[in-house]
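# Structural overview
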Amino acid sequence: MGAVVAVAVAAAGPPSEFTQRLDPIDFAGNNYLVSGGRRGGYTDMLDDLQRGHEGLIVKLNDVIRALKEDEVKLNNVFYKLGSHDTNIQGVDNNVHRLADDSRRIEAKLNKHAFNVDFLRRQVERLQGSMEAEERVESEVSAVRSIVNRLDDRLTDALARLGMVENTTRTLEKRSAPHYYTGGLDDLMVPAIRPPTLTVYPLPRQADTCKPKFEQVGQGCYWFGGEELTYTEAVAACLGHGSTLLTLPSPGTQLDLLLARLRPDTHYWTSGTDAFHRGDWAFLLTAQPVMPLHWASGENNTSPAPHRHCAALSTHGLTKLHCTHRLPYICHTI
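Here's a quick rundown of the structure. Since the structure is predicted, the reported quantities are computational estimates derived from the model, not experimental observations.

The rules behind each value
Residues numbered from 1 in each chain as written. Predicted model: local features only at pLDDT ≥ 70, side-chain atom pairs only at ≥ 80, totals over all residues. Heavy atoms only, no water. Salt bridge = Lys/Arg side-chain N within 4 Å of Asp/Glu carboxyl O. Helix = DSSP H or I, 4+ residues; strand = E, 2+ residues; numbered from the N terminus. Buried < 20%, exposed > 50% of the residue type's maximum accessible area, 1.4 Å probe, protein only. Disulfide = S-S within 2.5 Å.

### Overview of the pattern of salt bridges
Under the definition given, this model contains nine salt bridges. Of the charged contacts in the structure, one is a salt bridge between Asp-48 and Arg-51, with a shortest N-O distance of 1.8 Å. Residue Asp-48 and its partner Arg-51 are both found in helix 3 (residues 41-175); the two are separated by three residues, about one turn of the helix. Under the relative-accessibility criterion, Asp-48 is labelled buried at 5%. In this structure, a network of salt bridges that share partners links the residues Asp-117, Arg-120, Arg-121 and Glu-124.

As structure tokens, then:
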């Protein structure tokens, strides 16, 4: 190439003054110089230009390679941005799904809260019912305790009277009239043997009875309107300072007492066979129940399962369960 340049220079003639005045040019960033004619001529200058051209090409190749690397980096960035967009859309879908789930959970919680409130009201009502039942049980227990104490007192009194019963019955058999059914029912005849028991008359009662007691014939009676069991009636009469009714012997006094009763009403008397089945007597006085005391169809030996207390009506005595609740009659002796 140096020969070609020499031929071109020879054809062009001697170098011009402009060319001769060229000073070396320093191309920034490259270690080469372009010299004028005074320092080597055109050949050196062309070589310098070629070297500068080649340096520029190297530079351009470096820039192109850097641009390709930046393009690859940009593609990676765009790919990642696309992935991020996809992820953002998935996150958005998840947010919507979580919002729906939150609304469903909130609805369930509201339903559970309503159920809990309903159960709380039910529990409060049941607690109130239980407290009321406990109060009733406490009152029933107190009443039962009172009844048990009265029963204990009655049992003690009955036990004490039971010790006298045999002696009393023996003496009464020796003095009581003799009954027989020799063709005439309930016919009374004198005893075969005269009585050996001395009978003392009861003291004459005062002309007036205690308050709330009613005088019927020669007796003072309390006609209790409240309905009680047999044992409760015994205790009530003791509380009034009297005893549960012992019927007088058949006669005027008994007729007057029966006429005072309300029709179709039974009243507790002290008649019972609780101490000896079939052996009916009046409590406290231990007087036996006479055949004429009984209503029609009843007598001392008639079967009466679980009926061990006697109640009085206008027709006479009737055997009943002791737990029946009836009015009662008290009398003072």
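### A word on the state of the cysteines
Simply put, disulfide is the name for a covalent bond between the sulfur atoms of two cysteines. Within this structure, the stated rule accounts for three disulfides. Covalent S-S linkage joins Cys-209 and Cys-220, the inter-sulfur distance amounting to 1.8 Å. Looking along the S-S bond of the Cys-209-Cys-220 disulfide, the torsion reads about -75°, which is the left-handed sense. In this pair, Cys-209 sits in the loop between strand 4 (187-189) and strand 5 (214-216) while Cys-220 sits in strand 6 (residues 219-228), placing the two residues eleven residues apart along the sequence. The class for Cys-220 is buried, based on a relative accessible area of 5%. With a sulfur-sulfur separation of 1.9 Å, Cys-309 is cross-linked through a disulfide to Cys-322. Handedness here is read from the sign of the S-S torsion; for Cys-309 and Cys-322, about 95°, the answer is right-handed. On the criterion of sequence distance, the pair formed by Cys-309 in strand 10 (residues 309-313) and Cys-322 in the loop between strand 11 (316-320) and strand 12 (326-331) is long-range, its members being 13 residues apart.

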